[in-house]
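# Descriptive analysis of the structure
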Amino acid sequence: MATPEQLEAFFDRQRQLLAQERQAEIDQTSLLLSNCSAKLLEKKGLALLGLGVVNVNIGLGGKSLVELERPSAHHSSPLFPPHTFRPGDLARIDDASTTSKKASKSKTPAAASKENFGVEGVVYKVSNSRIIIAVDASRPGTNEDLDIPEHCIVVKLANTVTYDRMDQAVERMSKIMLGIAGPSGNTQAPNALQRVLFGQSSPSRPDDIGTIQFFNSEGLNESQKRAVKLALAAPEIALIHGPPGTGKTHTLVEVILQLVARNKSCLVCGASNLAVDNLLERLVPHKIPLIRVGHPARVLNDLHDATLDSQAERSDQAQLVNDIKKEINDLMNTLSGGGKGKKPRGAERKKMYDEVKELRKEYRKREGTIVSRVVDGAKIVLATCHGAGGRQLFNRAFDVVIVDEAAQALEAVCWIPILKASKLILAGDPLQLPPTVLSTKEKKSGTVKAQAPAKTMARAKATKPKSQKAEPEPAKEVDESSEDERTGAEGYMQDTGRPKTSITKFGLLIPPKSLEVTLFDRMEVMWGPEIKQMLDVQYRMNTRICAFPSATLYSSKLTSDPSVANRLLTDRDPTNDAAQDTLGHPIVFFDTAGCEFFERVDGGDNEGKSTTLNDEGSKCNVNEVEIVKQWVNDLVNYGIPPQEIAIITPYQAQVSLLSAALTSIPGLEIGTVDGVQGREKDAVVISLVRSNDKREVGFLKEKRRLNVAMTRARKQLCIVGDSSTIRHGSLYLKKWMEWLEENADVRFVGDN
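Just so we're clear, the structure is a prediction, and the values are computed from it rather than from any experiment.

One way to put it is that helix H22 (residues 703-710) packs onto helix H24 (residues 731-743) with a least axis distance of 11 Å and a crossing angle of 30°. As judged from the angle between their axes, H22 and H24 are roughly parallel. Considering how the two elements wind past one another, H22 and H24 form a crossing that is right-handed. Mapping the contact onto sequence places Lys703, Leu706 and Met710 in H22 and Tyr732, Leu733 and Trp736 in H24.

Another aspect to go through is the packing of aromatic side chains. Under the counting rule described, the total for this entry stands at ten aromatic pairs. Ring geometry for Phe10 against Phe11: centres 6.0 Å apart, planes inclined by 85°, an arrangement best described as edge-to-face. The exposure class assigned to Phe10 is buried, which follows from its relative accessible area of 0%. What makes Phe11 buried here is its relative accessible area of 0%. Ring geometry for Tyr651 against Phe699: centres 4.9 Å apart, planes inclined by 40°, an arrangement best described as tilted.

In this section: the pairing of strand E20 (residues 669-672). Two strands pair when backbone bridges link them, and strand E19 (residues 645-649) and E20 are joined in this way by four bridges, in the parallel orientation. In the strand pairing of E20, Ala646 is matched with Glu669. In this region the chain leaves E19, passes through helix H21 (residues 652-661) and returns to the parallel neighbour E20; the handedness of that crossover is right-handed.

On to the sheet that holds E19, then. Taken in spatial order, the six strands make up an open sheet running E20-E19-E21-E22-E16-E23, and their pairing is parallel. Sheet topology places E20 and strand E23 (745-748) at the edges, where each strand pairs with a single neighbour. On average, adjacent strands in this sheet sit at an angle of 20° to one another, irrespective of strand direction. Of the strands in this sheet, strand E16 (587-591), strand E22 (713-721) and E23 are in contact with H24, which crosses E16 at around 115°.

Cut-offs applied
Residues numbered from 1 in each chain as written. Predicted model: local features only at pLDDT ≥ 70, side-chain atom pairs only at ≥ 80, totals over all residues. Heavy atoms only, no water. Axes fitted to C-alpha atoms, helices over the stretch in contact; angles between N-to-C directions. Helix = DSSP H or I, 4+ residues; strand = E, 2+ residues; numbered from the N terminus. Parallel < 35°, antiparallel > 145°, perpendicular 65-115°, else oblique. Left-handed = near helix turned anticlockwise from the far one by under 90°. Contact = heavy atoms within 4.5 Å. Phe/Tyr/Trp six-rings, centres within 6.5 Å; stacked < 30°, edge-to-face > 60°. Buried < 20%, exposed > 50% of the residue type's maximum accessible area, 1.4 Å probe, protein only. Pairing = 2+ DSSP bridges. Right-handed = clockwise from strand over helix to strand, strands pointing away.

The values are spatial; any link to function lies outside them.
Following this line, the structure appears as C-alpha cells:
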C-alpha cells in the first residue's frame, strides 16, 4: 500500500513534469513571437495581418464572437494566406497600426503588444476568408468595452487552458488521496477506483454479471466478447488493448450499449476530438439520448446535431435566451459601428456597454438552466478529456468513465474525467504513438532538468516500510541498438520502444520518468494482465503485412481474419496479367543501399517532426521522392484510385517535397506518421528518408512510430529506404531489414 510520502512524491513529480511541459510549449511559441516581425509570423502561419471587423455577435456562454476578414480596400484578394489557425487555438487581436509603429523600434509584435491594444480569445471558426474569435468579456483582465480597432492583426498564442485544467486535477486528486481539506474546509475520502489508481488497494474481484445478451453477437469475435465482459465485470478498472485493425471502437460501442442497458450513466472521453467523434458517429444510429460537449467547430459537420450547442438551441427553453441574445447582438453591432451612423462615444458608449454587461449576466443565467436540463436528459456524454473539465460538466458525477486512445493521453489529463466517476475503462494501444511531449526533447538536449523535488524524494525513501525495498531511481536511457529485445508480453514495457520506467513491481506507486508514461502503461504494469484484455483478430491487413508487427510487438498473438488474410491490389482486376508485377505483392521493398541517395537537411540540424512552427532541421531525400513518384504513378495507371493511396514519411520536409512532386495526382494522402494513426488505405508507401555515411536514423528507431506506419495498409505496403543505413539504427530495425529481405519483393534500385 502506498504511503503518504510515496503519494506526495508521485504528485510532486506530476506537477514538475507538467510545469516543464507547459513551459516548453510556451517557449516554442514565444521564441517565434519574440524574434519574428509580423510579416514573418504571417509567413510562418502564426499571424493574419490587415484584418477588419465584420460583425460582433453573442455565442454560448455569453462570449463575444468577433468576426474578422481582409477588407477589399487593403487587399487584392479576400482569401487568407496559408496559416495554422484552427478552432480552439488561443489567439490575440492586436491593433495593426500600433503594432506597426512599435515594431519599427522593437521589431516584434510580442514586444509591441505590451503597450498595445490586445484582446485574447479562442478561435471559434475559421474559413478561407473569415476568422471568428470568441472573447470572454467576463474573464479577468478583459475589458468589457471591446473597442476593436479598424485595422487589426490576429496572432496565435500558446494554449495553456489544458495545462490549467490538468494542474487543477492534480491538486484536487492529491488533496483527496492525502486527506487534505479543500476550499470548503472538508476532506474527501478516496473512492475505490482512486485507491486502486494510486496503489492503496488492489483491484477487486470481478462482479458476477451472469449471461450477457450482446447487441451485436454475430459481429463480435471471442476476444472482443471477452473484452466486453471484462469491462462490465470489473468493479474499478479495465483495460482494452486494441492493436491496429482489431475493432477497438466497435468493441467500445458494445460496452457503452451494455452499460446504458444496465442504467449506468457514461462519460465517454478521448485523447483527441477525432477519437471522440469516431465513437459518436458509431453511437448516433442507436438513438440513445447523448450529447457531445466541446467546441462545435471542432466536431465533424455530420455530427453537429449531437452537440450541446445544437441541442440547447433546439430545446423547448431556447426562446428564453434568444430574445436576450438578439438584444446583445444589436447593441454590439451598434458599438462596433456595424449599423448606420458613427460609433457611439463617451457617456453614450459607456451606458450601452453597461447595458450589455447586465444582459450578459442574465443570458448566462438562463443559458445555464437550459444547458443543465439538456445534460440531465443524456444517458451518454461525450467530450475530450480536457473538455470534461469545462463548466458544462461542473460538479457532474457519472457511474463509468471511458477513455479511448488512452495510450496517447497524458495521465493527468485523464484525471479530469476520472474525478467524476467511480469506475474506469481505458482503451488504446500502448505500442502505437505515445503522447506528444515537447519537454522530453528539450531534456535530451540538456535544457531541462527532470528530478523530483529533493525533499519529497528523500522523505519517501527515508520512510519506506522495512518490508519494501527503496524505490529505484528513474531508469537511465538505454541504447536500443545494443539492447537484447524480448517479444513476450511480460517484457514489452522495457523492450518495444515504450518508455523505460522504473515501474517494475506489482502494486507499487513510483514517480514516472516522463510524461510519456501514460495511465494505461502504469496500470498495466502495476496490476498485471488480470485487468487487461487484448483484441487479437485484425480486420485490416493482408496477413503478410501483419506478420512482422505481430511477431515482434504483439507476441505473435495478433492474427488475421480470413476475410482479409489474402487480400491484394489485384483483387480489383484479377485478369490483368500486366499489373501482376506491381499489384500482386503485399510487401514491396525498394532498397537504395549503395546508390548514395543521401538525405539532406532542410535548413538546420533539428529533427523536425510534424510541425509548422519550426521545420528548419527537417530531413528530406530527393531521390526517394522520385522512386515514390514512379511507384504511385504505376499504381494509379493500373487502376488504383488515388484516394486509396497514402504516402507516409517521418519528416515534414519530405512531405513538402512529395506533395510538390505529386500535384498532378489529386486525392493522394501525404503526411507524417503522427497524422495517420487510426487511418487505413489499400496501398501505403513509406519513405524512410535516412541515408548517410554515419548510419544515423534519428527517431526512426522509435518502434511505436514505425508500428503505426507499417500497419496502415490493407493490401500492399511499399517501403523505400537505404537498408545499409537503417539496419544499424537499432536491433529492431536490423530485424525488420532482415525480415524484409526474406519476405518482401525486394527491388534493388541500383540494378535498374
